[in-house]
Amino acid sequence: MKRALIWLPLGLFGVFFAVVAAGLMRPADTTVRSTLVDKPLPVFKLEPMVPGKPGLASGDFKGGKPRLLNVFASWCIPCIAEAPQLMALKARGVPIDAIAIHDKGPAIAAFLRRNGDPYAAIGDDSRSRVQMALGSSGVPETFLIDGRGRIVRQYIGDIRADQVDQIVRDVAAAGAAAR
Amino acid sequence: MIAEAGLAALWFAAMLAGLQLLLGVLALRRKDVAGEQAMAAIGPVAILQGALVAIAMGALIAVFLNTDLSVKLVAENSHSAKPWIYKFAGAWGNHEGSMLLWVTILGAGGALVAWKERTLDRATHVATLAAQGAIALGFYAFLLFASNPFARLNPAPIEGQGLNPLLQDPGLAFHPPTLYAGYVGLSVAFSFAVGALVTGQVGPAFARAMRPWVLGAWVLLTIGITAGSYWAYYELGWGGWWFWDPVENASLMPWLAATALLHSVNVLAARDGLRAWTVMLAVVAFSMSMIGTFLVRSGILTSVHAFAVDPRRGAFILALLGIYIGGALALFGSRIGQVRAGRSFAFVSREGGLVVNNLLLSVILGIVLIGTLYPLVAAGFGVRLSVGPPFFHAAAGPIALALVAVMAVGPALRWRSDDAEAVLIRMLWPMVAAAGTFALMLTLTGGMGVLSLLGLSFGVGLIVASVMPITRRNWRRTPLPIWGMVVAHVGLGVSMIGMACDSAFTAERLVALYPGQATIVGPWRVELNRIYPNIGANWSALEARLTATREGDGATLRPQQRFFTDPPTTTSESAIATRWDGQLYTVLGQQDAATGRWQLRLWWKPFVTLIWLGGALIALGGVLALVGRWFKAWQQRRREALWG
Amino acid sequence: MSLSLALLLAVATTTPDYGNTQLPDRQAEAQARALMGELRCVVCQGQSIADSDADMAADMRALVRQRIARGESPEAIRAWLIERYGDYVSYDPPLSGATALLWATPILLLAVGAWIARSSFRKRR
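Residues numbered from 1 in each chain as written. Chains lettered and ligands numbered in written order. Predicted model: local features only at pLDDT ≥ 70, side-chain atom pairs only at ≥ 80, totals over all residues.

1. So, the interface of chain C and chain B
Okay, step 1: Chain C puts 34 residues into the contact, and the matching count from chain B is 39 residues.
Okay, step 2: Classifying every residue of the side of chain C that touches chain B gives 12 nonpolar, 14 polar and 8 charged. (Contact = placed C-beta atoms within 7 Å. Nonpolar A, V, L, I, M, F, W, Y, C, P; charged D, E, K, R; others polar.)

Here it is as structure tokens:
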């Protein structure tokens, strides 16, 4: 019993070493993922952000066809980088809606003039209410919602050019599954 | 040129550290002339190594003061338009520089052991210096191969990237050096322990040699943690002073181990007890310093505190940890059996109290370590979670209270064995004081948290118990180390009262005001007079002028929203009015876009200053003990000189 | 829950900025404050929403205060956030298979400590 006690510290250090070495080899994923994926889209209704474009409500996602829900802001620099990919997705027939975080109508209008407008509807989420309801923690983030109002997938960060094909496939798959 | 000289000095210092290790091994293995010579040479080598690494550190400070932008580290972390004090302190406001400061203090510690240490037997002294050389060698290798502070940049940029504004504070000038000096003091204790395990000489002489280092390190760690807490308190701008953040925990763990070590080393020196405990804790204390440095540097855990992080270097430090800590613990396992057991004692005795003290401190240390690392373990199994204040309070709080009870009783216990009933009678007044405080607070205030209530009561009880040992003594003849113990224990009680008062009685006011409007926080009426621009050496700011008044008292406060350009950052600079009974803490927030009103965050924190005053008292207690021991040793030497 | 969110959004424009102002009711504010200290700001480097300058933290504070003001219990609000962000968002790790070892730590350590102490006292008598 005494012998075991003497070697206990070394054993504990061994455990510590293994844990930390494992942690070091596989750097922790620092993104905060939404745990609502595969769950129904929370109910919400947002006022329009810019004139001539409707606001957004959760009911809009129950039309039978999958849609993307983009979380963005005019003050967000990666959102500018992402804009061409969203335009490409729109061109390939993917419907995209958005919620704008902490923003003002004129700023959004200017953003859309500069970077293109891929959105069918934009909701004004000035206090991040819907963003939090979605479990989203930053901008930009994009959710894929099937035609029956279920969240299928979450894309964190700006969508890159090499992701576009995959997203088109994801949208098609979501449509097929929901049917 | 200066940078190259610094790098050369660093290389030479590294080689001398290697030589120091070799000489030590030679001196211990060989009993012939060569061994004798090695034994004689090791001291001067250690001193020279310390001098060389100091030159390297001086060179780094010089390139920072000159803002030599052809040095990569300067270009990445400094800026020509920075006040000189932040250029100076900026030398260690980054990863490479702070590691160089670490080894500089390590080298200085080794030199001091070689130069001044005379109480230890020669073999253990040599083994200690060899161990110190081995530690230094690893960290030199880390600097030279993975973190060269003197690397050049070609072409040199026109301007540097600047220093993180959160670090541009006088706190940077003394907080890291103080903590590092504390860590290094523990490295000496670690080397002593390794040396003693090699030679088998674990006894009172060993403890007496180690004690000043442990005391000094413990004092510095106490000051470093206290000052760091106050720095975070006024810099982060939300009135919090401890967040259970990984970086804070990293500094707390060595302190907990050092506190246990300090108490064990006294028992070993005075009573020849707790031999294995002392050696073990000396190993653990420095191990925790290294683990803390690793956790903070590797970026393996996220922290609020501004810190230079580089995961690529994590593996290097981890390898060093494996060698040093693993080696020392293996040595402990294989050698401690040969160290004779110390003197025996009963459970109810001063020694028994100290064993319980060590155990409870170790348990708290374990909780802090596991709580800090648990998110990492969970992530390994794909689970993401956060461990924060609710866990630490619930898990460590009750044990800390038990520890305080032991602290109160401990000094009243007799050595070897004591009578439990008599001890309870001796504890009557502290128990009355604690119970009285408890009852009073329960009736006076309705919704006080359980932990605050108990903390306050135990704090009061601890103070009463701590002053009791000197009430019946002749104060003039009471030795300084006893005073040190009393002051340090009272300090912890004072600190606990401050913590409890802050969490229970703080008044908070979050408002948006137009200039000319006023609000109430606690006993204060605070008026926002006006908002105006202000400008400093490398920042511009919006400043609020607040006039605070309460009965017979007034203060003007000027909190700022401060904008730095290099790198572009906004910080809120709090303004604090300190009174005998607490602090009024004010922060200027943003302007409300819709209404044009200004957000203000105001707190009246009764007796919050006691937290850091208590910390200062704890450190003062350590200083008194240190001075007392020195004085006694000096008296003894003088007596020997007179008679012998 | 989903209906209440819609209601909440309807009143959001008329209520004060609860991200940076307190609730008028002291007890409700104390409840909100305690909860905010235990929720992790999801965009910060390890800060609770009670100590963060981030906009998102202010939004989370506003959410907590409004729900408390509407009479929701702190635990319900915590559960609502955990449902969306996972256990990560709470600094108080819920007792589960994954955290059993964490919460057992103090007891395990005390047991080991008692064992060490017992063997060291007994041996010497």
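2. Focus on helix α4 (residues 74-85) of chain C
Okay, step 1: End to end, α4 of chain C covers 16 Å across 12 residues, agreeing with the expected 16 Å (1.5 Å per residue, within 8%).
Okay, step 2: Every buried residue belonging to α4 of chain C is among I77, W80, L81, R84 and Y85 of chain C, and all of these are buried. The buried residues of α4 of chain C occupy one face: seen down the axis, they fall within an arc of 110 degrees. Facing away from the buried side of α4 of chain C by more than 90 degrees, the exposed set consists of E75, A76 and A79 of chain C.
Okay, step 3: Contact partners of the buried residues in α4 of chain C: α4 (129-134) of chain A together with α2 (26-36) and α3 (55-69) of chain C.
Okay, step 4: In the stretch just after α4 of chain C, G86 of chain C is the one whose phi turns positive, near 85 degrees. (Helix = DSSP H or I, 4+ residues; strand = E, 2+ residues; numbered from the N terminus. Expected span 1.5 Å × (residues − 1). Buried ≥ 20, exposed ≤ 12 C-beta atoms within 10 Å, placed from the backbone. Arc of directions from axis to C-beta.)

3. Focus on the pairing of strand β5 (residues 119-125) of chain A
Okay, step 1: Summarising burial for β5 of chain A: 6 of the 7 residues are buried, a large majority.
Okay, step 2: Taken together, strand β4 (residues 96-101) of chain A, helix α3 (residues 105-115) of chain A and β5 of chain A form a β-α-β motif whose crossover is right-handed. (Right-handed = clockwise from strand over helix to strand, strands pointing away.)

4. Details of the packing of helix α16 (residues 450-471) of chain B against helix α17 (residues 480-505) of chain B
When two helices pack together, their arrangement is given by the angle between their axes and by how far apart the axes lie.
Residues and elements named next belong to chain B.
Okay, step 1: Axis separation between α16 and α17 bottoms out at 8 Å; the angle between their running directions is 160 degrees. Judged by the inter-axis angle, α16 sits roughly antiparallel to α17. As for how α16 packs across α17, the hand of that crossing is left-handed.
Okay, step 2: For the contact of α16 with α17, a count of residues per class yields 18 nonpolar, 7 polar and no charged. (Axes fitted to C-alpha atoms, helices over the stretch in contact; angles between N-to-C directions. Parallel < 35°, antiparallel > 145°, perpendicular 65-115°, else oblique. Left-handed = near helix turned anticlockwise from the far one by under 90°.)

5. Focus: helix α18 (residues 610-643) of chain B
Residue and element names in this part refer to chain B.
Okay, step 1: The end-to-end C-alpha separation of α18 is 48 Å, in line with the 50 Å expected for 34 residues at 1.5 Å each.
Okay, step 2: All of the buried residues in α18 are L610, I611, G614, G615, L617, I618, A619, G621, G622, L624, A625 and L626.
Okay, step 3: Elements that come into contact with the buried residues of α18 comprise α8 (204-236) and α17.

6. Comments concerning the sheet that holds strand β7 (residues 151-156) of chain A
Across a sheet, strands are paired by hydrogen bonds formed along the backbone, either parallel or antiparallel in direction.
Residues and elements named next belong to chain A.
Okay, step 1: Here 5 strands make up an open sheet; going across it, the order is β5-β4-β3-β6-β7 and the pairing mixed. The two strands at the open ends of the sheet, each matched to only one other strand, are β5 and β7. Across the sheet, the axes of successive neighbouring strands diverge by a mean angle of 20 degrees, strand direction being ignored. (Pairing = 2+ DSSP bridges.)

7. Observations regarding the environment of S298 of chain B
Residue and element names in this part refer to chain B.
Okay, step 1: As for its placement among the helices and strands, S298 is situated in the loop between α10 (275-297) and α11 (311-335).
Okay, step 2: Taking the number of C-beta atoms within 10 Å as the measure of exposure, S298 has 22 and is therefore buried.
Okay, step 3: Sequence separation of S298 and A315 is 17 residues, and the distance between their C-alpha atoms is 8.0 Å.

8. Section: the sheet that holds strand β8 (residues 575-579) of chain B
Residue and element names in this part refer to chain B.
Okay, step 1: Spatial ordering of the open sheet is given by β1-β10-β9-β8, a layout of 4 strands whose pairing is antiparallel. The outermost strands of the open sheet, each flanked by one partner alone, are β1 (507-513) and β8. Each strand of the sheet is rotated relative to its neighbour by a mean of 15 degrees, with strand direction disregarded.
Okay, step 2: Of the strand pairs in this sheet, β1 and strand β10 (residues 598-606) are connected by 7 bridges, and their pairing is antiparallel. Considered in β10, the bridge of A507 is made with W604.

9. So, the confidence of the model for chain B
Residues and elements named next belong to chain B.
Okay, step 1: In this model, chain B carries a mean pLDDT of 89, and residues with pLDDT of at least 70 account for 98%.
Okay, step 2: Across chain B, β8 holds the top mean pLDDT of 95, while helix α3 (residues 72-77) sits lowest at 84.
Okay, step 3: The ipTM, which scores confidence in the relative placement of chains, is 0.88 for this predicted complex, and the corresponding pTM is 0.92. (pLDDT = per-residue confidence, 0-100.)

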